[in-house]
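# Fold and contact review
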Amino acid sequence: MKTLVLLVAGILAVWFSGMAGTAVGGYRDLKQDIEAYSPPALLHVSAAPQSPDTVTADAFDGETQSINAMRDRWAEALRCRIQPAHAGELAVVARDDANTLSILKHQFSLEATRQLILLRNPSIKAAATRVKAALEGFGQVEQLDAILRQYSAFTEGVMAGVGPMRGGADTIQMKFPFPGVTALKGQIAEKNVEDRVHQLDRVRRDVVAQGSKAYWNLLYTHQALAITRDTLDRLSHLESVATTRYGAGKASYQDVVKIRIGREKLIEQLTTLEKQRVNLETELLTLMDMEPGPSLGWPQSTVPDTRIPSLEDLYPLALANRQELSRMRTLIARMQRMIEMAETMIQPALSRNTALFTDEAAVQVGSGGMKPSFATNLSPTRGKGLPQNAWFGSRDAYLRETRRKLVALKADLAEAEARTRLMVRTGWFDLDKARRERSLFNNRLLELARTSLDVSTRGYESGKVSFADVIASYTGWLDVNLAGQRRNSDVGIARLELECRVGTPLLKKPADARSGVARGSQ
């Protein structure tokens, strides 16, 4: 009996060992087949051959160099705006208040005024500082993506030695697909800098225009003071003549009283002009970041440029150079790149590969399995039939909102371009009107008023002209003289207004030989 039991045990042992060898051998073969599996040739897409001279060692480094080149280019553009090359010694003088005031104490020019405002104005310095702050965005893009790139390289090579070895397909490369997103981030940073540069140019334009207008008004004020003093001297002479005639019984006392009334009015007008001069000088000092109080010298007499460019040339010039339009185009381009970057990070980009999963072993069973072949548990937030990632595409609503804002911004740009054409047309009309009125007063009416004044004064002294005609001639000469000088400054101010609306200095064209007006101004 004992022998029979041993025999049966031996037979069973041999049978079980054979079955185990067969199972182990079959599992080993299955494992080798899985590891050696490759997709059919139909699924393989061969990459296009690249010539050795077009292959770069690292595309990310190339994008980084492009970002650095953009930063250097904008930094150089900012440096040229902060300190223009034609400033010369004036840039050194403008650093000190005393030296700047020494220039303004004597006769100063319009160009010197503009340069001092550009070099000293606090608003311009603030706008330039904002451009410098926007330049730091390039470094942020480069540093952040470098950190993410290092993290991506680190996680790609990690192979855990213990615990469940799970290799997820949603890797850092899919969320931050270098170098494409890096290039988009660099372009967005560039558009931020470009936006700040357009704002800097607009501030420079408006502040310099304000200072130039103050210069033209100050020039008129000085000329008006000189004309009023000259008229006051003439009235004093006329008062002495009227007093003499009144003593001789050839004039009434009313003539003397009327002359004295006119003199008192002119004296009060002189006081008003003096205070207006102080206001304009204070405005210039404020634009140059200096304390009010010091009296400035005499503005250099400047003849404004009366040539008018062709209106047909101004429209495309304004659409291309007006700072407000350029800024809106920059905002549109930045929003377009932001939408493109969001779409790239939310939705997979087009690829020639069959899948966007990482290159990992397809071992899912046995002791070497990296991840289960099917879900072993169910999250309470995901039911049967729901997407695996419940929050995928949740940001699409924000994308739709941004796309609609982009459409609205393009419509605003079209409306702004239409308004720019109207502003250019009205500005051109104001300049043409100021030029024609200046020519009327200075070339024709002023000489007639001076002749009438001289004739009436001599006629009154000889008793051939009534006192009413004399007073009318004095009043007419004063009004015409002041109006002529006012139109002279109005031409300069109107040209400034038109340049602000165009966004750049006006086109210079040769003057017509007959009328001194550029072709196309009629």
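The rules we used
Residues numbered from 1 in each chain as written. Predicted model: local features only at pLDDT ≥ 70, side-chain atom pairs only at ≥ 80, totals over all residues. Heavy atoms only, no water. Helix = DSSP H or I, 4+ residues; strand = E, 2+ residues; numbered from the N terminus. Areas by Shrake-Rupley, 256 points an atom, 1.4 Å probe, with all protein chains shown as cover. Buried < 20%, exposed > 50% of the residue type's maximum accessible area, 1.4 Å probe, protein only. Salt bridge = Lys/Arg side-chain N within 4 Å of Asp/Glu carboxyl O. Arc of directions from axis to C-beta. Contact = heavy atoms within 4.5 Å. Polar contact = N/O pair within 3.5 Å; in protein donor to acceptor, adjacent residues only side chain to side chain. Core = buried A, V, L, I, M, F, W, Y, C linked by side-chain atoms within 4.5 Å. Phe/Tyr/Trp six-rings, centres within 6.5 Å; stacked < 30°, edge-to-face > 60°.

## A few points about the overall build of the protein
Check the secondary structure of the protein and you find 13 helices and 0 strands. Its helices and strands in sequence order give the protein the pattern α-α-α-α-α-α-α-α-α-α-α-α-α, from N to C terminus. Total accessible area on the protein stands at roughly 31,300 Å², and carbon and sulfur atoms take up 57% of it.

## Things to note about unusual backbone geometry
Its identity as a non-glycine residue notwithstanding, D289 has a phi of 60°, on the positive side. Within the fold, D289 resides in the loop between helix 9 (253–287) and helix 10 (311–321). A relative accessible area of 43% means that D289 is categorised as partly exposed.

## Focus on the pattern of salt bridges
A complete count under the given rule lists 25 salt bridges for this structure. Of the charged contacts, one joins R73 and E190 as a salt bridge, the two residues approaching to 2.7 Å between their closest N and O atoms. A residue pair is termed long-range when its members are at least 10 positions apart, and R73 in helix 2 (residues 59–82) and E190 in helix 8 (residues 180–247) qualify at 117 residues. Residue class for E190 comes out buried when judged on its relative accessible area of 13%. Of the charged contacts in the structure, one is a salt bridge between R234 and D454, with a shortest N-O distance of 3.9 Å. Here R234, found in helix 8, pairs with D454, found in helix 12 (residues 396–461); they are 220 residues apart in sequence, far enough to count as distant. Judged by its relative accessible area of 28%, D454 falls in the partly exposed class. Put simply, R202, R205, D206, R322 and E324 are held in one network by salt bridges that share partners.

## Structural notes on helix 4 (residues 97–105)
Within the span of helix 4, buried status applies to T100, L101 and L104. All buried residues of helix 4 lie within an arc of 95° about the axis, which places them on one face of the element. In this fold, the buried residues of helix 4 make contact with helix 3 (89–93), helix 5 (110–120) and helix 9. Capping of helix 4 at its N-terminal end is provided by D96; its side-chain oxygen lies 3.0 Å from the backbone amide nitrogen of A98.

## Some details on the nonpolar core
Counting residues in each nonpolar core, the largest one holds 44 residues, and the members touching the most others are L104, F108, F138, V193, L200 and L296. Counting only elements with at least two residues in this core, the list comes to helix 2, helix 3, helix 4, helix 5, helix 6 (122–156), helix 8, helix 9 and helix 13 (467–502). With 12 residues, helix 8 is the single largest residue contributor to this core. Excluding residues that lie within four positions of it along the chain, F108 makes contacts with I103, T113, Y215, L218, L284, L296, G297, W298, P299 and Q300.

## So, the environment of L317
When you line up the elements, L317 lands in helix 10. Taking the C-alpha atoms as reference points, L317 and L506, separated by 189 residues in sequence, lie 9.0 Å from one another.

## Points about the side chain of T420
Looking at the element boundaries, T420 is found in helix 12. T420 sits in the buried class, given a relative accessible area of 2%. Discounting chain neighbours no more than four positions away, the residues touching T420 are A318, R322, L325 and R501.

## Points about the environment of S109
Here S109 lies in the loop between helix 4 and helix 5. Linking S109 and Q300, residues 191 residues apart in sequence, is a C-alpha distance of 5.1 Å. Those residues in contact with S109 that sit more than four places away from it in its chain are Y215 and Q300. Side-chain polar atoms of S109 contact the backbone nitrogen of A112, separated by 3.2 Å.

## Some points on the packing of aromatic side chains
By the definition in use, this model includes 2 aromatic pairs. Relative to Y215, the ring of F108 lies with its centre 5.9 Å away and its plane at 70°, an arrangement referred to as edge-to-face. Of the two residues, F108 sits in the loop between helix 4 and helix 5 while Y215 sits in helix 8, which places them 107 residues apart along the sequence. Across this residue pair, the class does not change: F108 and Y215 are buried.

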